[in-house]
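Commentary on secondary and tertiary structure
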Amino acid sequence: MLDLSSACNVLVSSEGFLMGLRPDFLAVRRLPLIAVLALVVSAPAFADGNYATNLKRDARRAARDAVPILVMFSAEYCAYCKVVKEYYLDPMAHDSANRKRVIVRIVEIDSAWMMIDFDGKRVFHDTFAANQAVALPPTLKFYDAQGREILPEIQGSPNHDLS
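This section reports on the structure supplied with the text. Predicted model, so just to flag it, every value in this text is computed and none were measured.

1. Some thoughts on the pairing of strand S4 (residues 103-108)
- The element S4 is extensively covered by neighbouring structure, given that 6 of its 6 residues are classed as buried.
- The alternating pattern of S4 places Ile103, Arg105 and Val107 and Val104, Ile106 and Glu108 on opposite faces, both of which are buried.
- Here 6 bridges tie strand S3 (residues 69-74) to S4, and the two strands are oriented parallel to one another. Note that in S4 the partner of isoleucine 69 across the bridge is isoleucine 103.

Following this line, the structure appears as structure tokens:
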């Protein structure tokens with residue numbers, strides 16, 4: 001059965017193609033048409049989450065505005081990732097002053113969501129994470145407008161109560 005969390009994992013991009021679950025995932029699950037439509041209708045909730053959809057476009061903006069791109073590599077099962085998102089990334093992303101200083105994106109290392117990488121290639125979130133040698137969430141990486149890492153990565157989360 002498709003839950004609300006899964007339904008929020010799809011986005012129709014400005015380039016006009018469906019960003020979301022792998023076609024093989026949909027085929028294996030044999031989701032009914034209504035479930036696929038629910039995924040598409042849920043796109044605004046997904047878009048508001050700063051999930052990476054087009055790093056090539058983000059890189060153009062980074063070059064224009066002379067700002068870095070902060071990518072958090074996260075996972076659905078990761079409680080520490082939720083802490084980092086709630087206490088750090090969400091406030092940072094919603095603060096207009098911070099939006100002028102950094103582009104914040106999230107890549108789910110355990111996800112079959114589609115995105116465009118820095119080279120303009122369509123890849124899945126999990127594939128992009130593997131290509132960036134990320135295996136342990138949360139991992140934060142800072143990139144320049146050419147998609148090069150500009151600072152050492154940060155792994156882990158500050159100590160917060162996770163109960």
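2. Observations concerning the side chain of lysine 141
- In this structure, lysine 141 sits in strand S7 (residues 139-143).
- A polar side-chain atom of lysine 141 sits 3.1 Å from a polar atom in the side chain of glutamate 149.
- A polar contact is formed between the side chain of lysine 141 and the side chain of glutamate 153, at a distance of 3.2 Å.
- The residues touching lysine 141, leaving out its near neighbours within four places in the chain, are Ile69, Leu70, Val71, Phe73, Gln132, Val134, Glu149 and Glu153.

3. Thoughts on the sheet that holds S3
- With mixed pairing, 4 strands are arranged side by side in an open sheet as S4-S3-S7-S8. Both edges of this open sheet fall to S4 and strand S8 (154-155), since each of them pairs with a single strand only.
- Along the sheet, helix H5 (residues 55-65) contacts S3 and S4; its crossing angle with S4, the most-contacted strand, is approximately 160°.
- On the sheet, helix H6 (residues 79-94) packs against S3, S4 and S7 and is oriented at approximately 160° with respect to S3.

4. Things to note about the packing of aromatic side chains
- Scanning the model with the defined rule gives 4 aromatic pairs in all.
- Geometrically, the ring pair formed by tyrosine 51 and tryptophan 113 is edge-to-face, given 4.9 Å between the ring centres and 85° between the ring planes. Here tryptophan 113 lies in the loop between S4 and strand S5 (114-116) and tyrosine 51 lies in the loop between helix H4 (43-47) and H5, a separation of 62 residues in the sequence.
- Among the residues examined, tyrosine 51 registers a relative accessible area of 19% and is labelled buried.
- Where phenylalanine 118 meets tyrosine 143, the ring centres are 5.1 Å apart and the plane angle is 45°; that geometry is what we call tilted. Of this pair, phenylalanine 118 sits in the loop between S5 and strand S6 (122-124) while tyrosine 143 sits in strand S7; the two residues are 25 residues apart in sequence, bridging distant segments of the chain. Each member of the pair phenylalanine 118 and tyrosine 143 is classed as buried.
- The rings of Phe73, Phe118, Phe128 and Tyr143 are connected pair by pair, giving a single aromatic cluster.

The rules behind each value
Residues numbered from 1 in each chain as written. Predicted model: local features only at pLDDT ≥ 70, side-chain atom pairs only at ≥ 80, totals over all residues. Heavy atoms only, no water. Buried < 20%, exposed > 50% of the residue type's maximum accessible area, 1.4 Å probe, protein only. Helix = DSSP H or I, 4+ residues; strand = E, 2+ residues; numbered from the N terminus. Pairing = 2+ DSSP bridges. Polar contact = N/O pair within 3.5 Å; in protein donor to acceptor, adjacent residues only side chain to side chain. Contact = heavy atoms within 4.5 Å. Axes fitted to C-alpha atoms, helices over the stretch in contact; angles between N-to-C directions. Phe/Tyr/Trp six-rings, centres within 6.5 Å; stacked < 30°, edge-to-face > 60°.

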